[in-house]
Amino acid sequence: MPGGTTIRAYAKINLTLEVLGVRPDGYHALRSVVMPVSLFDTVRLEMASDVTSDYPGEGDISVKAARAILPPGAGVRISLDKAIPEGGGLGGGSADAAAVLVALNEMYSLGLGVDRLAQIASSVGSDVPALVLARYAGAVVMEGRGEKVSPLGVSPGRTLHIVLANPRVHASTKEVFARCSSHMAQNPEILYNMREALASSDRGKISEALANDLSGAAAALHPEIASAAERLGAVVNSRVSMTGSGATVFALADSPETADAAVAALEAEGFWAKHVTNECPVV
Ligand code: C5P
């Protein structure tokens, strides 16, 4: 790949998301299990003399990532082919930024280890360190504002068929956090239960262990999220959770056929919907 490369930037879902309190810097302290899913943006990088992106708006975070990692005088031209909806809690912009960091480390032979990459990532955005580590480790536990990340260490050991549904509203992360009640009681069982459930590969147990402390605040701001969750639960016949600060909700289907039928039903009702899995091959 002299001079350039093309890579995938996978979306994520938050299997758990606990809000543990407000930090002195105003950000919320979190604990979350973040799992990459098979929906991806395609990121093309070409060596250049300065840093540019063909994507206005969300492209900025990729540019920020490139500037954070490249030595002075080095540049890159970034092209994004977007498939991950923006502002949906699926981490699209953060995944693009994580992909840029990992790819530029190789393209420019910077020799940075994953810990250093995650450190640089935390200056780019709250979700970026988790998505850097997820490229190496699969599901990760993210803590603090997002700067503390570690491999979850267990994977489902089978293909999960996940249906994503979005009521086509944009949930502002800032507004959702501002509305959520802080200082929630810490419950170590939430992380423990998710680990155990994933290790058991039992779809029902994984569904039972899903949790998101931001759901109430997001649905209060956007009642459409509650409607999407209700419809998704009905068509998949499973528990529903929300990813990130919304507005995307998700559920685990019992088969690929159920997932495909659910997507067709939800699209007919005007929702954005997608059948994804937990399989994210590096290509
Ligand atoms: O880091 P990011 O730009 O995604 O965060 C957007 C907003 O969400 C922040 O400005 C902050 O208000 C809120 N936030 C928070 N606690 C976090 C992450 C985000 O309060 N851990």
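Residues numbered from 1 in each chain as written. Predicted model: local features only at pLDDT ≥ 70, side-chain atom pairs only at ≥ 80, totals over all residues. Heavy atoms only, no water.

Undergrad: What's the story with the site of the ligand in this structure? I'm lost.
TA: Around the ligand sit Tyr27, His28, Leu30, Ser126, Arg145, Thr173, Lys174 and Phe177, and that is every residue in its neighbourhood. In the model, an oxygen atom of the ligand is placed 2.7 Å from a nitrogen or oxygen of the histidine 28 side chain. Within the side chain of serine 126, an N or O atom sits 2.6 Å from an oxygen atom of the ligand. In isolation the ligand exposes 460 Å². Once the protein is present, 71% of that is buried. Taking a 2 Å distance to the grid points as the criterion, the majority of the atoms of the ligand fall inside the largest pocket. Where the shell around the ligand is concerned, the elements lending two or more residues are strand E2 (28-48) and helix H5 (173-179). When the residues that make up the shell around the ligand are grouped by side-chain class, the tally is three nonpolar, three polar and two charged. (Near = heavy atom within 4 Å. Polar contact = N/O pair within 3.5 Å; in protein donor to acceptor, adjacent residues only side chain to side chain. Areas by Shrake-Rupley, 256 points an atom, 1.4 Å probe, with all protein chains shown as cover. 1 Å grid on protein atoms, 1.4 Å probe; cavity = no way out; pocket = protein on both sides within 12 Å on 5 of 7 lines; lining within 4 Å. Sits in = over half its atoms within 2 Å of the grid points. Helix = DSSP H or I, 4+ residues; strand = E, 2+ residues; numbered from the N terminus. Nonpolar A, V, L, I, M, F, W, Y, C, P; charged D, E, K, R; others polar.)

Undergrad: What exactly am I supposed to notice about the side chain of asparagine 212 here?
TA: In this structure, asparagine 212 sits in strand E8 (residues 211-212). Within polar-contact distance, the side chain of asparagine 212 engages the backbone nitrogen of leucine 214 at 2.7 Å. A polar contact is formed between the side chain of asparagine 212 and the backbone oxygen of methionine 242, at a distance of 2.8 Å.

Undergrad: How should I be thinking about the packing of aromatic side chains in this particular structure?
TA: What characterises a pair of aromatic rings is the spacing of the ring centres plus the angle enclosed by the ring planes. In the structure shown here, the tally under the stated rule is one aromatic pair. Between tyrosine 10 and phenylalanine 40, the ring centres sit 5.7 Å apart and the planes meet at 70°, which makes this aromatic pair edge-to-face. A residue pair is termed long-range when its members are at least 10 positions apart, and tyrosine 10 in strand E1 (residues 4-22) and phenylalanine 40 in strand E2 qualify at 30 residues. Taking NZ or CZ as reference, lysine 82 lies 5.7 Å from the ring centre of tyrosine 55, over its face. Above the face of the tyrosine 27 ring, arginine 145 is positioned so that its terminal group lies 4.4 Å from the ring centre. (Phe/Tyr/Trp six-rings, centres within 6.5 Å; stacked < 30°, edge-to-face > 60°. Lys NZ or Arg CZ within 6 Å of the ring centre and 35° of its normal.)

Undergrad: So what exactly am I meant to see when it comes to the side chain of glutamate 18 here?
TA: Here glutamate 18 lies in strand E1. When its relative accessible area of 3% is taken as the criterion, glutamate 18 is described as buried. For glutamate 18, the contacting residues outside a window of four places in its chain are Ala29, Leu30, Arg31, Asn187, Ile190, Leu191 and Asp213. (Buried < 20%, exposed > 50% of the residue type's maximum accessible area, 1.4 Å probe, protein only. Contact = heavy atoms within 4.5 Å.)

Undergrad: Mind showing me how you'd approach the layout of surface pockets here?
TA: With a probe scaled to a water molecule rolled over the atoms, the places where space remains empty come into view. Of the volumes computed, that of the largest pocket is approximately 930 Å³. What lines the largest pocket is a set of 36 residues, among which Ser126, Asp127, Thr173, Phe177 and Ser245 lie closest to the centre. Of all elements in the fold, only E1, E2, helix H2 (92-107) and H5 reach the threshold of two or more residues within the lining of the largest pocket. The greatest single-element share of the lining of the largest pocket, amounting to four residues, is contributed by H5. In terms of residue class, the lining of the largest pocket is made up of 12 nonpolar, 18 polar and six charged. (Points joined across faces, edges and corners; volume = space filled by probe spheres on them.)

Undergrad: Help me understand unusual backbone geometry, please; the structure alone is not making it clear to me.
TA: The bulk of non-glycine residues show a negative phi, and the bulk of peptide bonds are trans. In this model, glycine 246 is joined to alanine 247 through a cis peptide bond whose omega is 10°. Looking at where alanine 247 falls in the secondary structure, it is placed in the loop between strand E9 (240-242) and strand E10 (249-253). Within the chain, serine 109 stands out as a residue other than glycine whose phi angle is a positive 45°. Its place among the elements puts serine 109 in the loop between H2 and helix H3 (114-122).

Undergrad: Even after reading the chapter, I still don't get the pairing of E2, so can you show me in this structure?
TA: Regular strands show a simple pattern: their side chains alternate between the two faces of the sheet. Judged by how many residues are buried, E2 sits mostly within the fold: 15 of 21 residues are covered. Pairing between E1 and E2: 16 bridges, direction antiparallel. Bridging from a neighbouring strand, threonine 5 pairs with leucine 45 of E2. If you look at the hairpin formed by E1 and E2, you'll find five residues sitting between the two strands, and glycine 26 has a positive phi there, around 90°. In the sheet, E2 pairs with strand E5 (residues 140-144) via five bridges, with the strands oriented antiparallel. The partner of serine 32 across the bridge, within E5, is methionine 142. Relative to strand E4 (residues 75-81), E2 is paired through seven bridges, and the arrangement is antiparallel. Residue pairing across strands places threonine 42 opposite aspartate 81, the latter belonging to E4. (Pairing = 2+ DSSP bridges.)

Undergrad: Would you mind going over the nonpolar core with me for this structure?
TA: The nonpolar side chains of a soluble globular protein tend to be buried, and buried together. Membership of the largest hydrophobic core comes to 67 residues, with the highest contact counts inside it found for Val43, Leu45, Ile78, Leu104, Val128 and Val163. The element contributing the most residues to this core is H2, with 10 residues. Formed by 26 residues, the second largest nonpolar core is a distinct cluster that contains Ala11, Met35, Ala139 and Leu164. (Core = buried A, V, L, I, M, F, W, Y, C linked by side-chain atoms within 4.5 Å.)

Such coordinate-based values are descriptive only and should not be taken to indicate function.
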